[in-house]
Amino acid sequence: MSDEDSMGLWVQFMYTYTWSGIFNMFVVRVFIIIMICVFGLAGGVHAQFDNYPYAIIELDSLGGSYTKPYAINNRGWITGECSNTEKRYHAGLWKYNTLELHDLGSLDGESSVGYDINDKVQVVGHYTPPGHTFLDPHAMYWEKGIMIDLGTLEDGIDSEAFAINNSGQVVGYSDRYGEGNFVAFSWDKKNGMINLGGLDPDSWCIAHDINDLGIAVGFSTFFDGEYNPKHAVIWTAPNELID
């Protein structure tokens, strides 16, 4: 074998060995990283659940078979709806720690539901007034054993309250003129129910939540003979909203 042939074989061997070694080292390192990630993540998740154990607790009903909580405040009080022995649905309040259930009543109506609760244990939702059905309820506010009908805007038929902040400001929607034209409202003890306004005067809009700064969120439509797709909006004040 000539010197040139020997040199060629040596170069080919070194090339093959070097790149094969690099490739093998790369594979090994990737494998090690994957194992560290998998077992490290699993260990982290396991440790997380060890530090924050959860248990499922069944909430009592009013003698019926249906219970549905909607909200819990920072003190652990819960509100929602549950059925009674007459198969009617009433807003319920489950007491912090003991989970003792209180029937919030329905103002002599057929039914009620609690949608939200603040840290002062003030509850909002809706109830069905006498002569109404579940399709045309009224927004309600409950505090210290007393439920209040919040009414509607401009001779509307129905309304619902969806949220309350820790200042007692309530938001939801109300029908106007009984025509199914829903508009967002805010309510408090001082000012009563106020139309929050939409993206145009004939908008269909609903406020779903409000924070402790009094800023509400929901949606609004434009109206040009038909209701167009919903736009997410923020209300900073009545008739002041951001699309």
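Computed from a predicted model, the values in this text were never measured in an experiment.

Quick notes on the overall build of the chain
Here is step 1 of the chain: Each helix and strand in the chain was counted, giving one helix and 16 strands.
Here is step 2 of the chain: Across the 243 residues in the chain, those meeting the buried criterion constitute 39%.
Here is step 3 of the chain: Excluding contacts between residues fewer than 6 apart, the proportion of contacts in the chain whose partners are at least 24 apart in sequence is 31%.
Here is step 4 of the chain: Surface summary for the chain: the accessible area is close to 14900 Å², and the carbon and sulfur share equals 59%.

Quick notes on the environment of Ser-159
Here is step 1 of the chain: The topology assignment puts Ser-159 in strand E9 (residues 159-164).
Here is step 2 of the chain: Judged by its relative accessible area of 0%, Ser-159 is buried.
Here is step 3 of the chain: Remark: the alpha-carbon pair of Ser-159 and Ser-174, spanning 15 residues in sequence, is separated by 4.1 Å.
Here is step 4 of the chain: Leaving out residues up to four positions away in the same chain, Ser-159 has contacts with His-126, Pro-137, His-138, Ala-139, Gly-151, Thr-152, Tyr-173 and Ser-174.
Here is step 5 of the chain: Separated by 2.8 Å, the side chain of Ser-159 and the backbone nitrogen of Ala-139 make a polar contact.

Considering the pairing of strand E5 (residues 112-117)
Here is step 1 of the chain: The buried fraction of E5 amounts to six of the six residues, a majority that puts the element mostly inside the structure.
Here is step 2 of the chain: As paired elements, E5 and strand E6 (residues 123-127) share five bridges and run antiparallel to each other. Looking across to E6, one finds that Ile-117 is bridged to Val-123.

Description of unusual backbone geometry
Here is step 1 of the chain: Not every positive phi belongs to a glycine, and Leu-107 is a case in point at roughly 50°.
Here is step 2 of the chain: Looking at where Leu-107 falls in the secondary structure, it is placed in the loop between strand E4 (101-103) and E5.
Here is step 3 of the chain: The exposure class assigned to Leu-107 is partly exposed, which follows from its relative accessible area of 36%.
Here is step 4 of the chain: Even without being glycine, Val-121 reaches a positive phi, approximately 60°.
Here is step 5 of the chain: In this structure, Val-121 sits in the loop between E5 and E6.
Here is step 6 of the chain: Take Val-121: its relative accessible area is 13%, and that puts it in the buried class.

Some points on the pattern of salt bridges
Here is step 1 of the chain: Tallied over the full model, the rule gives two salt bridges.
Here is step 2 of the chain: Linking Arg-88 and Glu-110 is a salt bridge whose minimum nitrogen-to-oxygen distance equals 3.4 Å. Within this pair, whereas Arg-88 is found in the loop between strand E2 (78-84) and strand E3 (89-94), its partner Glu-110 is found in the loop between E4 and E5, the two being separated by 22 residues in sequence.
Here is step 3 of the chain: A relative accessible area of 32% places Arg-88 in the partly exposed class.
Here is step 4 of the chain: Judged by its relative accessible area of 41%, Glu-110 falls in the partly exposed class.
Here is step 5 of the chain: As a salt-bridge pair, Glu-143 and Lys-189 come within 2.8 Å of each other at their nearest N and O atoms. With Glu-143 in strand E7 (residues 138-143) and Lys-189 in the loop between strand E11 (181-188) and strand E12 (192-195), this pair connects stretches of sequence that are 46 residues apart.

Digging into the sheet that holds E2
Here is step 1 of the chain: With antiparallel pairing, the four strands of this open sheet are ordered in space as E1-E2-E3-E4. Whereas interior strands pair on both sides, the edge strands pair on one side only; in this sheet they are strand E1 (63-72) and E4. For this sheet, the mean angle separating the axes of adjacent strands, direction not counted, is 30°.
Here is step 2 of the chain: Examined bridge by bridge, E2 and E3 share six bridges and lie antiparallel to one another. Note that in E3 the partner of Ile-78 across the bridge is Trp-94.

Side note on a nonpolar patch on the surface
Here is step 1 of the chain: Together, Val-217, Ile-234 and Ile-242 make up an exposed nonpolar region whose accessible area comes to about 230 Å².
Here is step 2 of the chain: Among the secondary structure elements, Val-217 is positioned in strand E14 (residues 216-220).

Comments concerning the sheet that holds strand E16 (residues 240-242)
Here is step 1 of the chain: Taken together, four strands build an open sheet; the order of strands is E13-E14-E15-E16 and the sheet is antiparallel. The open sheet has two edge strands, strand E13 (205-210) and E16, and neither has a second partner. The mean inter-strand angle of the sheet, taken between neighbouring strand axes irrespective of direction, is 35°.
Here is step 2 of the chain: In the sheet, E13 pairs with E14 via five bridges, with the strands oriented antiparallel.

What about the pairing of E1?
Here is step 1 of the chain: Relative to E2, E1 runs antiparallel, the two being bridged by six bridges. For Pro-69, the partnering residue across the bridge sits in E2 and is Gly-80.
Here is step 2 of the chain: With antiparallel pairing between neighbouring strands as the criterion, E1 and E2 make up a hairpin whose turn holds five residues, including Gly-76 at a positive phi of roughly 95°.

Quick notes on the rules
- What you see as residue numbers is a count from 1 along each chain, following the sequence as written.
- Where local features are concerned, this predicted model is filtered to residues with pLDDT of at least 70; where side-chain atom pairs are given and counted, the filter is 80 or more; whole-chain, interface and lining totals use all residues.
- Only hydrogens and water are set aside; all other atoms, that is, all heavy atoms of the structure, feed into the side-chain values.
- The helix and strand labels rest on DSSP assignments: H or I over at least four residues marks a helix, E over at least two residues marks a strand, and numbering proceeds from the N terminus.
- Throughout this description, buried means an accessible area under 20% of the type-specific maximum (1.4 Å probe, protein chains only), exposed means over 50%, and partly exposed covers the range between.
- Contacts: residue pairs with any heavy atoms within 4.5 Å of one another.
- Note on areas: these come from Shrake-Rupley sampling with a 1.4 Å probe, and a residue is covered only by the protein chains present in the view.
- We define a polar contact as two N or O atoms separated by no more than 3.5 Å, with the added condition that, inside protein, one atom must be a possible hydrogen donor and the other a possible acceptor, whereas residues neighbouring each other in sequence contribute only through side-chain atom pairs.
- Two strands are said to pair when DSSP picks up at least two bridges between them.
- By definition here, a salt bridge exists when the distance from a side-chain nitrogen of Lys or Arg to a carboxyl oxygen of Asp or Glu is within 4 Å.
- Convention adopted: a line fitted to C-alpha atoms gives each axis, helices being fitted over their contacting stretch, and angles between N-to-C directions are expressed from 0 to 180 degrees.
- Patches draw on residues past 30% relative accessible area with no salt bridge. Two like charges within 9 Å are joined, as are two nonpolar side chains (Val, Leu, Ile, Met, Phe, Trp, Tyr) within 5 Å.

It is worth stressing that arrangement in space is one thing and function is another; only the former is reported here.
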